[in-house]
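Okay, here's what each chain looks like letter by letter:
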Amino acid sequence: MTFKNKFVWLVAAVAAVIAYLSFYTVRETEFALITQFGRPVRTVSDAGLHVKWFYQSILRFDRRLRIYNPRPSEFLTRDKKNLVIENYVAWRIDDPGRFVQTVGDVSAGEMRLHDIIWSDLSAAFGNQDLESLVSASPGKLHTTALLDNITANGDRTALAQYGIHIADVRIKRLNLPEQNKESVFARMRTERERIAMQYRAEGEEQALTIRADADREKEEIISTAYKDAEKTRGEGDAEATRIYGQAYSKNPQFYKLVRTLESYKKVLDDKTTIILGSDSELLKVLTKGEAAAR
Amino acid sequence: MSTVQTLDLESSAETETPRRLFWTRKRRIAAWILAAWILSGTYIVSTDQQALVTRWGRVVEPRVGSGIHYALPWPIDSVFRLKVNQLRRTVIGGDIPDTVLGRLQPVSSQFLSGDQNLLNIRVVAQYSVQEPRDFLFNTADVDRTVGVAVESALARRVAHTSVDDILTTEKSAIQYDVLQEAQTTLNNYQSGAIIASVNIENAAPPAEAADAFRSVAGARSDAIRIVNEAEGYASDLVPRARGQAAQLLDQSRAYKEDKINHATGDASRFEAVAAEYSKAPKVTETRVYVEAMEQILPKLKKLIVDSNGNLDLTLIGADKPPVSQSGDAPK
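Note that this is a predicted model, so its numbers are computed, not measured.

What counts as what
Residues numbered from 1 in each chain as written. Chains lettered and ligands numbered in written order. Predicted model: local features only at pLDDT ≥ 70, side-chain atom pairs only at ≥ 80, totals over all residues. Heavy atoms only, no water. Pairing = 2+ DSSP bridges. Helix = DSSP H or I, 4+ residues; strand = E, 2+ residues; numbered from the N terminus. Axes fitted to C-alpha atoms, helices over the stretch in contact; angles between N-to-C directions. Contact = heavy atoms within 4.5 Å. Buried area = accessible area lost by both parts, 1.4 Å probe. Salt bridge = Lys/Arg side-chain N within 4 Å of Asp/Glu carboxyl O. Polar contact = N/O pair within 3.5 Å; in protein donor to acceptor, adjacent residues only side chain to side chain. Nonpolar A, V, L, I, M, F, W, Y, C, P; charged D, E, K, R; others polar.

Peer 1: I would appreciate a short explanation of the sheet that holds strand S5 (residues 77-82) of chain B in the present structure.
Peer 2: One key point about sheets: their strands pair by backbone hydrogen bonds, in either a parallel or an antiparallel sense. Residues and elements named next belong to chain B. Spatial ordering of the open sheet is given by S3-S2-S5, a layout of three strands whose pairing is antiparallel. At either margin of the open sheet sits one strand with a lone partner, and together these are strand S3 (58-64) and S5. In this sheet, neighbouring strand axes are inclined to one another by 20° on average, regardless of whether the strands run parallel or antiparallel. The pairing of strand S2 (residues 50-55) with S5 spans six bridges and is antiparallel. Directly across from leucine 52, in S5, lies its bridge partner phenylalanine 80.

Peer 1: Sorry if this is basic, but what is going on with the interface of chain B and chain A here?
Peer 2: When the parts of a complex come together, some accessible area is lost, and that lost area is often taken as the interface size. Contacts between the two partners involve 106 residues from chain B and, on the opposite side, 98 residues from chain A. Summed over both partners, the interface of chain B with chain A buries about 9400 Å², with 65% contributed by carbon and sulfur atoms. Our count for the contact surface shared by chain B and chain A stands at seven salt bridges. Of the charged contacts, one joins Asp164(B) and Arg192(A) as a salt bridge, the two residues approaching to 2.9 Å between their closest N and O atoms. Linking chain B to chain A there are 26 residue pairs in polar contact (both at pLDDT 80 or more). Counting residues per element, the side of chain B that touches chain A draws most heavily on helix H7 (residues 207-279) of chain B, at 43 residues. For the side of chain B that touches chain A, the class distribution of residues is 54 nonpolar, 26 polar and 26 charged. As paired elements, strand S10 (residues 273-277) of chain A and strand S12 (residues 301-305) of chain B share five bridges and run parallel to each other. Paired with Leu276(A) across the two strands is Ile304(B), which belongs to S12(B).

Geometry only, nothing functional implied.
Below is the structure:
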């Protein structure tokens, strides 16, 4: 190889290196921060192929939304109840220039987030009764408004100070501190016993009502029927009386005779001893002779 | 240089051939490599996949369907394949086996209900890709993002529902609400994920209070049993009473009929007899009287005494001592 050849090769190599250093790609998931001898010059957020001066270097930052789960922490509500809250923060790097100068990397960023959010959260929950965080009646809950507020405040602070965008702060879990759980379980048990008793009593109540209703209905049915039946019987008796009256009043004397004799047939039986005078109507003929009959 | 060449004419002529060969082989290899490099841009997307192509890191083809395709070779283009219809699963809460101690280790799955009861809840969410571009590039960890979105929606929903509702009637409503809320959150994050289902696999009170909850269930079924028994009693009693009532009414109607018929019968008999009687009253009176006596007297014990004589009571006593005591006194 000649010297001229070597020189050509060298120039080509240097040109290639410069070209290589002048072009760079930015992916969809990142920001590129162009620094010139350590000083940030500009941020490139468009993905694609870009050109820079070969002496400038690039720092890449993940721009994707990431979830930060701080450790669960205990808060004291306004009505002095302890509450363990597990929250998460959805965040991403928004201003890489500021981020690299004030924070550096992701784990340092999470520490900053923890500081910002924790103080806001504890202030906000310290101002609320437990009722407004946990309540079976939905009207009392303020959690969403509270968290939106914290998100907005935190976002402002984080963006201005650290170049971090806070997209969302949310509560993942509400729980009670371990040392309070035993008393909660005891309360749950007594509450359950009360409910069980209530169920039994209510069942009993319902059953008694049903039975009483049935009994009443039965009485009602029977007594109504009795009423109607007696009425019918009465009608029968009245009608019969009317018919008898009508018939017998045509000849009361004869009726008296016939009826009296009828009743003798019933009243007198084989246990009866009758003493008849010999001059009685029946025996008159027997004792006084045939003339007595006339 | 030329002098050297002329001097080594023979040797150079001899080395010329391998040298030329060397160059041509190199070119040929280079050509092959170039061809292979160009062809390496061919890629296949299978039926259950969609692909996304970036050029120098920038998205140029956001959705490529299945089939054979071409993209510029590395490092210009990159192809990302994604199983868009595949359901991915994320589990919130529940127990995972502890491999070290060989027992179930409860994960932090305890939630506080609206009436301040603690509940262990395990939820399985299934999601798939809605927008490949967002799914791939917008969030650092899609699975984790879906997980926290579902978990926070669940915590919020559970915090305003009473424990009884969670355990019984509200379960499917909670599933639906959590799905909706988590999806809204994910849309706000532009995560490109769509939740297919949120399923509460298990919602149970903690072991410390489980017995009490079971006794409530027992009490509830007891109450239902008692009520059913009462209803059984009622449905037995009332129809019987109705039957009894019908019987009473029928009997009374029968009585009425009977009375009237009897009366009518008696009356017409009497009227008939009375009509005859009025034709010969004396004779009929005697006949009736005597006939009656004939019927009555044979059954009786009879003592016939003289109308002006006194009655000797021993007569009755001698006949039959007990009768003497019950014997009627003379008039």
